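Coordinate inspection notes
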Amino acid sequence: MRTFLLAALICLALPYSIFAADQSGALPPPVSDKTYTFQEIEKSKAQLKDKVVKIEILKLLGEPSDLLGNGTLRFIAKDTSKGATPYGQVAFPREGFEKVGHDGPFTIYARVHVFTAQKSAAALSVALGTRVAVEGGKATYSW
């Protein structure tokens, strides 16, 4: 739990740009068709840094925190795995959260952000959308 709190504090100092989903198609496609668990993301966060992965979320827990006062909402989420640690951090743009709501299951595509200031900090999955279209090696994400 300390790791999540530390990561949340670090988020307060981050620029808005890491949360903004680039809708121009300049984002990379997902690394694979595989659905990742939060445990797998944490275990491979160095390799997944700044890559896009597919995550199936069972539900979002509690009330969100508005990270930067710009409508970006951070949640602790539970994935659909039945693993020992099915919890992770997810940041949603307000538009995305309004479309998916708290309860799932639902699938998102998210860019894995790793906090380099603290090696032990948890990764943050930045939600880009629930759908992806790939053309010419570039991806466009939508809700």
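See the structure shown above.
In this report, we go over the structure that sits alongside the text. (Residues numbered from 1 in each chain as written. Predicted model: local features only at pLDDT ≥ 70, side-chain atom pairs only at ≥ 80, totals over all residues. Heavy atoms only, no water.)

1. Quick word on the nonpolar core
Ranked by internal contacts, the top residues of the largest apolar core, which has 23 residues, are Ile41, Ile55, Ile57, Leu60, Val90, Phe92 and Ile108. Among the secondary structure elements, those contributing two or more residues to this core are helix H2 (38-43), strand E2 (52-66), strand E3 (73-79), strand E4 (87-92), helix H4 (94-100) and strand E5 (103-113). Within the second largest apolar cluster, 6 residues are counted, among which are Leu27, Val52, Tyr109 and Ala139. (Core = buried A, V, L, I, M, F, W, Y, C linked by side-chain atoms within 4.5 Å. Buried < 20%, exposed > 50% of the residue type's maximum accessible area, 1.4 Å probe, protein only. Helix = DSSP H or I, 4+ residues; strand = E, 2+ residues; numbered from the N terminus.)

2. Here's the deal with the pattern of salt bridges
Inspection of the entire model under this criterion finds 3 salt bridges. A salt bridge links glutamate 42 to lysine 45; its shortest N-O distance comes to 3.3 Å. The partner of glutamate 95 in a salt bridge is lysine 99, with the nearest N and O atoms 4.0 Å apart. Residue glutamate 95 and its partner lysine 99 are located together in helix H4, separated by 4 residues, close to a single helical turn. For glutamate 95, a relative accessible area of 46% gives the class partly exposed. (Salt bridge = Lys/Arg side-chain N within 4 Å of Asp/Glu carboxyl O.)

3. Overview of empty space enclosed by the protein
For the structure on display, the rule yields 1 cavity of 30 Å³ or more. Taken together, the elements giving at least two residues each to the lining of the largest cavity come down to H2 and E4. Each residue belonging to the lining of the largest cavity can be placed in one class, and the counts come to 6 nonpolar, 3 polar and 1 charged. (1 Å grid on protein atoms, 1.4 Å probe; cavity = no way out; pocket = protein on both sides within 12 Å on 5 of 7 lines; lining within 4 Å. Points joined across faces, edges and corners; volume = space filled by probe spheres on them. Nonpolar A, V, L, I, M, F, W, Y, C, P; charged D, E, K, R; others polar.)

4. Details of the environment of aspartate 103
Within the secondary structure layout, aspartate 103 lies in strand E5. It is 6.4 Å that separates the C-alpha atoms of aspartate 103 and leucine 60, two residues lying 43 residues apart in sequence. Leaving out residues up to four positions away in the same chain, aspartate 103 has contacts with Leu58 and Lys59. (Contact = heavy atoms within 4.5 Å.)

5. Concerning the packing of aromatic side chains
For the structure shown, the criterion picks out 5 aromatic pairs. With centroids separated by 6.1 Å and ring planes inclined at 80°, the aromatic side chains of phenylalanine 75 and phenylalanine 92 adopt a geometry described as edge-to-face. Of this pair, phenylalanine 75 sits in strand E3 while phenylalanine 92 is found in strand E4, placing the two residues 17 residues apart along the sequence. Considered together, phenylalanine 75 and phenylalanine 92 belong to a single accessibility category, that of buried residues. Judged by centre distance (5.0 Å) and plane angle (35°), the ring pair of phenylalanine 75 and phenylalanine 97 falls under tilted. Taken together, the residues span a long stretch of sequence, with phenylalanine 75 in strand E3 and phenylalanine 97 in helix H4 at a distance of 22 residues. A cation sits over an aromatic face here: lysine 34 above tyrosine 36, 5.1 Å from the ring centre. (Phe/Tyr/Trp six-rings, centres within 6.5 Å; stacked < 30°, edge-to-face > 60°. Lys NZ or Arg CZ within 6 Å of the ring centre and 35° of its normal.)

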